[in-house]
Amino acid sequence: MIERITSQKLAAIGWLLLVIMLIIAGIKQGPAFDSSIMALLPKSDQQPLVQQAVDKMAERFSKRLVVLISGESEADVRAAIKTLSVDLTALPDVDNVVWQVESSALDRLKTELYPYRFSVLDEKVRQLLLDGHYQQVKDRALARLFSPMSPGKNSIIDDPFGLFSELTLNRHSDLNIKPSHSLLKVTGVEQPTYMLMATLAGEPFSTELQNNVLGVIRTAEKRLVKAGMSIRQSGLLLHAAAGAQQAKSEMSTIGLGSLTGIILIMLLIFRQLKSLLIAFLPLLIGCACATAVTLLVFGKVHLITLAFGAGLVGVSIDYALHFLCERRVTDSKRILRKILPGLLLGLFSSVMAYAAQALAPFPGLQQMATFSVAGLVASWITVVLWFPLLTRTDTLKPLLAAEKLNIFRHRFPRLQGNWLLIILLLIPLVFAVKTLWGSQSLDDIRLLQTSPASLLSQEQDVQQILGVSSSSQFLLISGDTLQACLQKEEQLAGELESLKKAGLLDDYQALSLALPSLKRQQDNIGLAQKLYEQQLAPYFTLLKVPGSGLSDANVQFKEDMSRRLTAATWQQQQGSESWKDLIIDDSDSASATAIRFTGALNDEVKQRLLSISNKHSGVTYIDQVQNISDLMGRYRSEVVNWVIMAYLFVLLVLVLRYKVQVWRVVMPPLLASVLTLAMLVQLEQGLNLFHMMALILVLGIGLDMGIFLIETGEVPHTWLAVSLSTVTSLLAFGLLALSDTPVLHHFGLTVLIGLALVWLLASIMRKNNSGDVNS
Amino acid sequence: MRRYLFAVLFLVPMLAQAELTFEQLDELSVSPENLTGDFKQEKYLSSLDASLASSGVFNYQRETSIRWQTLLPIQNELLMTPTAIVNSQGGKELVRLETDSNPAVTVFSEILFSVLTADWGKLASYFELSGNVEGAEWIAQLVPIDKTIMQVVSRVELKGDVLLREVILHEASGDRTTIRFENLNQ
């Protein structure tokens, strides 16, 4: 007897040491978290270059805050922009604020390309020259010369054909803004609107930075609204702040609500604090061990793993409650012998379901499987090794609630032999299967969106007004050198232009539009030379320019025709600022550039871009929105497949043990799943990954319920245990249905419907016995 | 005393000059619904130190369009509307500049439109005004407020009575365009 207790103690201490060691090892490894959705993509799919491009594109959005101020009075708006810019510049969290045009900068911008006027040609002029319309180019120059006002640098000797004017007039900024009173005025809107753009010094997710920057903006907003002006903003900072705000407020409403509910119910049932504290111990140990193991195996934990893994480990509350309820009617010596088979089978079924996901070729699922299995096993060992010792001195004290539940249960109808109930159950089942048959999945990136609709529409508004190009859809051009990329871009230009002409594409930004390849520059010089040879003499004769003018012009051309705009020179220029980020990679071994698009792309143009990328080697069409949606869809179907296989195997084991009675174990979670999915299809227009993740939790708790019940012969204290774990899970996860964050809402709603149905179905499929309390 | 008198005499025209306001110009001149007439243009090119003379006819519909037809020495038509500037030759479109896709063009077309149609309200948002009035005739000097505009148009001189008679556009490059209107018909 004494020996046995010692070995039990030894095992418990051994487990404690192991847990401590695991946690220390995890901490030593360093708690590293990963939040990039791309890290969840299968390795082979995700080339490092694509990742680099995606990161670079996202960076534009993540550190930039764009503010538009509009009002009736132009002067007021200008003053407001100035004040806000000064306030923002004063913050240490803001790197710089772009809000005014220095005239010297504008001057440089206007003249820095002048020496390259023969090698960098306007596209329209180039086309005319290519088609041999030299005369037309001359006519354009003449028309400009005689026009009452022709903006731009016009020097009849240096640039008689106004090639530089043509270039600068048609080069426009990538945003819809023009300088006005040295500020940035938005074009194409009715109300006077000015823009400023702040670059953040730190991460947009930093709470302190959010408070500082948005504090200044909110103060300004109050002042502006009073003065009848309006302010619109765009930037990741706003979404990050909104997400944090929402999480905070939901933590204090939903989170607090579910915690209070769980504590109240546990206290009400067990009427002691000890049981409440003990019940959550395995969950805590489980999550700690799971995080440590995942860190040790994968090097870092993905935040999505953490969120859902912790939810899945939540199943382990089943083991704790089953033990604690049973302990009230069984002494500590016999309890393990009584419930160990049930606990073991429960663990087996959940571990199978979770572990199956590790076989799927997705790093995210593998991590999630590792996390959940480690967490579940740790929780389970905690219950089995620690609980007998922790409750060693507790006396047998049947729970009043078990008795009350038993009476209530007996009033419940039973399915067995009740044809009316069977038919009543079959009808919704038929409908459910029919609904599921024709259902569609809805794997939309918007599921990951956490911002309120008003913020999203404001964001869209600003992007549309400014004509900001999308950062999630682009063409990635790769080549051995930057020149090779530029040449490839130039080959694509024709196809992109024809998309523009067809009205499919608003506009695009390609590096080669600002920096033509050296080969293209060489061609351009040749064209310009022909233009001079054919048209300069007749042109100057018409203008009655003296003969010295003609030779001067030719000398000037000879002098400048050898100039080429190299990438290095260009990058030193002012005008390259807004184009530079199109260079994804420019190392010695390889180069890559991106072509960005303006406006929303419809399916047809996406298809065309895809076929362009298929046609040319080294050109890849990247649609980050679609990639993520596809990724979620693939995860969803993988999850479903592997879980189905796992449960078929579990079913086989259960059939071996329970024979015909297996239906009582399997039917409640199975039917509940079908009904839940059908209801979700009706309520939410389609199923997504997060519904499926939640369904695994429902299945796990449902199977545990059936196994525990059948193992103990459906005694009242087991019924109490499974009912309690249903209620606590409903409170912990089901309440998430109230969340405004789509992911949490979907997860919560599934658990809410699913668990409620499992419990109801288990109740009507029960055996008829009186059990372990005298009633 | 004489010194004071001199000072007063010297100051008077300055005061008068400073007094010219866009409101005053608005009263003195009219902006007819439509107007046709001849123009003579002289463009001084600093790089050649020579002038190019041209002439032709024009007509404008208020707030709709200005048709600027150069007849000599080349034949060319410039059609300016608030949304685009189209240059054509022999009925064939040569250059088209859309104002909304081209901020620089927007500013120039707005200024040119305002100058030719004597839209003083709009000019007030771009320029500072000085000048003087003698009876029914006035001379106005417009200097851009905005440095970015200043880089192209450094100064605009306008002369007129009820109607605008002469415009001189001074460009930052040293070029200048003088336009004189004749045979104006409302």
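Predicted, not measured: the structure shown is a model, and the values here were computed from it.

## Thoughts on the overall build of chain A
The secondary structure content of chain A amounts to 28 helices and 13 strands. For 775 residues, the compact-globule estimate of 2.2 N^0.38 gives 28 Å, and the C-alpha radius of gyration of chain A, at 35 Å, exceeds that figure by more than 25%. With the C-alpha coordinates of chain A rotated into their principal frame, the extents come out at 125 × 55 × 55 Å. Residues counted as buried form 55% of the 775 residues belonging to chain A. Contacts in chain A between residues at least 24 apart in sequence constitute 82% of all its contacts with a sequence separation of at least 6.

## Observations regarding the pairing of strand 4 (residues 76-80) of chain B
All names here are of chain B. Side chains of strand 4 alternate between two faces, with Asn 76, Leu 78 and Met 80 buried and Glu 77 and Leu 79 left unburied. With 5 bridges joining them, strand 3 (residues 65-72) and strand 4 adopt antiparallel strand pairing. By the bridge assignment, Thr 70 is partnered in strand 4 with Asn 76. The antiparallel pairing of strand 3 with strand 4 creates a hairpin that spans 3 residues between the two strands. One ladder, built from 4 bridges, connects strand 4 with strand 5 (residues 84-89); its direction is antiparallel. Along strand 5, the bridge assignment pairs Leu 79 with Val 86. The antiparallel pairing of strand 4 with strand 5 creates a hairpin that spans 3 residues between the two strands.

## As for the side chain of A:Thr382
In this structure, A:Thr382 sits in helix 14 (residues 363-390). In this structure A:Thr382 touches A:Trp15, A:Leu281, A:Pro282, A:Ile285 and A:Phe387, once residues within four positions along its chain are discounted.

## Examining the confidence of the model for chain B
Residues and elements named next belong to chain B. On average, chain B scores 79 in pLDDT, and the residues at 70 or more come to 85%. Confidence, read as mean pLDDT per element, is least for helix 1 (residues 2-19) in chain B (45) and greatest for strand 1 (residues 34-45) (90). Ignoring residues within four places in sequence, the model shows residues 5-18, a span with pLDDT below 50, making 5 contacts including any to other chains. Both confidence scores are given for the complex: pTM 0.73, ipTM 0.83.

## Comments concerning the side chain of A:Asp93
Residues and elements named next belong to chain A. Assignment of secondary structure puts Asp 93 in the loop between helix 3 (74-89) and strand 3 (94-98). It is Lys 63 that comes nearest to the buried, bridge-free Asp 93 among opposite-charge side chains, at 11 Å. Beyond its immediate sequence surroundings of up to four residues, Asp 93 is in contact with Leu 200, Ala 201, Gly 202, Leu 209, Asn 212 and Val 213.

## A short note on the sheet that holds strand 3 of chain B
What the 11 strands build is an open sheet, ordered 6-5-4-3-2-1-11-10-9-8-7 (chain B); its pairing is antiparallel. Lying at the two open borders of the sheet, with one neighbouring strand each, are strand 6 (92-98) and strand 7 (127-134) of chain B. For this sheet, the mean inter-axis angle between neighbouring strands, taken without regard to orientation, is 20 degrees. For strand 1 of chain B and strand 11 (residues 176-185) of chain B, the ladder comprises 8 bridges, and the chain directions are antiparallel. Following the sheet pairing, B:Lys40 is matched in strand 11 of chain B by B:Arg180. Along the sheet, helix 6 (residues 134-146) of chain A makes contact with strand 1, strand 2 (50-61), strand 3, strand 4, strand 5 and strand 6 of chain B, crossing strand 6 of chain B at roughly 60 degrees.

Thresholds, definitions, all that
- Residues numbered from 1 in each chain as written.
- Chains lettered and ligands numbered in written order.
- Predicted model: local features only at pLDDT ≥ 70, side-chain atom pairs only at ≥ 80, totals over all residues.
- Heavy atoms only, no water.
- Helix = DSSP H or I, 4+ residues; strand = E, 2+ residues; numbered from the N terminus.
- Rg over C-alpha atoms; globule rule 2.2 N^0.38 Å.
- Buried < 20%, exposed > 50% of the residue type's maximum accessible area, 1.4 Å probe, protein only.
- Contact = heavy atoms within 4.5 Å.
- Pairing = 2+ DSSP bridges.
- pLDDT = per-residue confidence, 0-100.
- Lys, Arg positive; Asp, Glu negative; His and termini not counted.
- Salt bridge = Lys/Arg side-chain N within 4 Å of Asp/Glu carboxyl O.
- Axes fitted to C-alpha atoms, helices over the stretch in contact; angles between N-to-C directions.

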